[in-house]
Amino acid sequence: MIRIENHLGTIHISHEFLANLVSGAVSECFGVAGMSASSTSQGLFNRMMRATPKNQGVRIRYQKSKLMIELHIIVTYGTNVAAIVKSIMNKVQYTVEEITGFPVSRVNVFVDGMKTQ
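Residues numbered from 1 in each chain as written. Predicted model: local features only at pLDDT ≥ 70, side-chain atom pairs only at ≥ 80, totals over all residues. Heavy atoms only, no water.

1. Some thoughts on the environment of Val 32
- With respect to the element layout, Val 32 can be found in strand β3 (residues 32–35).
- Measuring from C-alpha to C-alpha, the distance between Val 32 and Val 75 comes to 4.6 Å, with 43 residues separating the pair along the chain.
- Those residues in contact with Val 32 that lie beyond four places of it in its chain are Val 26, Ile 74, Thr 76, Ile 84 and Ile 88. (Helix = DSSP H or I, 4+ residues; strand = E, 2+ residues; numbered from the N terminus. Contact = heavy atoms within 4.5 Å.)

Structure, rendered in structure tokens:
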């Protein structure tokens, strides 16, 4: 839970909301085939439970009043990976800052694989 205090009161935003917001922004970007597990334990848990949570591959940290977002994606084969990553970084930063008002200090994108159509 992220908590921000200002002169009007306190704002609470859950990590689940932010993760869903980020994964929605990523899925709208061209060339993204899907998200991958952000850690080995998350991937193992998902396989055991046969679940594919919507916000897998998203990790959000809040430090020094700024958000740091880490994404693990799978791209479509034959697309320009550098252009996809740059697009994702810009889209995620804009979406999060526009909707929540929290500054995003960094968006790290890790390409974990490629998928053919």
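Further notes follow.
2. Section: helix α1 (residues 15–27)
- With 13 residues, α1 extends 18 Å from end C-alpha to end C-alpha; this agrees with the ideal 18 Å at 1.5 Å per step.
- The set of residues buried in α1 consists of Leu 18, Ala 19, Leu 21, Val 22, Ser 23, Gly 24, Ala 25 and Val 26.
- On its buried face, α1 sits against β1 (2–6), β2 (9–13), β3, β4 (58–63), β5 (66–76) and α3 (81–100). (Expected span 1.5 Å × (residues − 1). Buried < 20%, exposed > 50% of the residue type's maximum accessible area, 1.4 Å probe, protein only.)

3. Notes on the nonpolar core
- Counting residues in hydrophobic clusters, the biggest one holds 28 residues, and the most contacted among them are Val 22, Val 26, Ile 69, Leu 71, Ile 88 and Val 92.
- Here the element with the most residues in this core is α1; it accounts for 6 residues.
- Every residue in contact with Ile 88, bar those within four places of it in the chain, is listed here: Val 26, Cys 29, Val 32, Leu 71, Ile 73 and Val 109. (Core = buried A, V, L, I, M, F, W, Y, C linked by side-chain atoms within 4.5 Å.)

4. Concerning the packing of aromatic side chains
- Scanning the entire structure with this criterion turns up 1 aromatic pair.
- When the centroid spacing of 6.3 Å and the interplanar angle of 50° are considered together, the rings of Tyr 62 and Phe 102 count as tilted. Separated by 40 residues along the polypeptide, Tyr 62 in strand β4 and Phe 102 in the loop between α3 and β6 (104–115) bring together distant segments of the chain.
- Under the relative-accessibility criterion, Tyr 62 is labelled partly exposed at 27%. (Phe/Tyr/Trp six-rings, centres within 6.5 Å; stacked < 30°, edge-to-face > 60°.)

5. Things to note about α3
- Look at α3: 28 Å from first C-alpha to last across 20 residues, which is about the 28 Å you get at 1.5 Å a residue.
- Within α3, the full set of buried residues consists of Ile 84, Val 85, Ile 88, Val 92, Thr 95, Val 96 and Thr 100. Buried residues of α3, viewed axially, fall in a sector of 110°; they line one side. What points out from α3, more than 90 degrees from its buried face, is the exposed set Ala 82, Lys 86, Tyr 94 and Glu 98.
- In this structure, the buried residues of α3 make contact with β2, α1, β3, β5 and β6.
- Directly after α3, the chain includes Gly 101, whose backbone phi takes a positive value near 85°. (Arc of directions from axis to C-beta.)

6. A closer look at the environment of Ala 83
- Among the secondary structure elements, Ala 83 is positioned in helix α3.
- Ala 83 sits in the partly exposed class, given a relative accessible area of 42%.
- Measuring from C-alpha to C-alpha, the distance between Ala 83 and Phe 30 comes to 9.6 Å, with 53 residues separating the pair along the chain.

7. Description of the packing of α1 against α3
- Following both chains from N to C, one finds α1 and α3 inclined at 140°, their axes separated by 9 Å at the closest point. Looking at the two axes, α1 sits oblique to α3. When you trace α1 past α3, the crossing you get is right-handed. Between α1 and α3, the residues in contact are Phe 17, Leu 18, Leu 21, Val 22, Ala 25 and Val 26 and Ile 88, Lys 91, Val 92, Thr 95, Val 96, Ile 99 and Thr 100, respectively. (Axes fitted to C-alpha atoms, helices over the stretch in contact; angles between N-to-C directions. Parallel < 35°, antiparallel > 145°, perpendicular 65-115°, else oblique. Left-handed = near helix turned anticlockwise from the far one by under 90°.)

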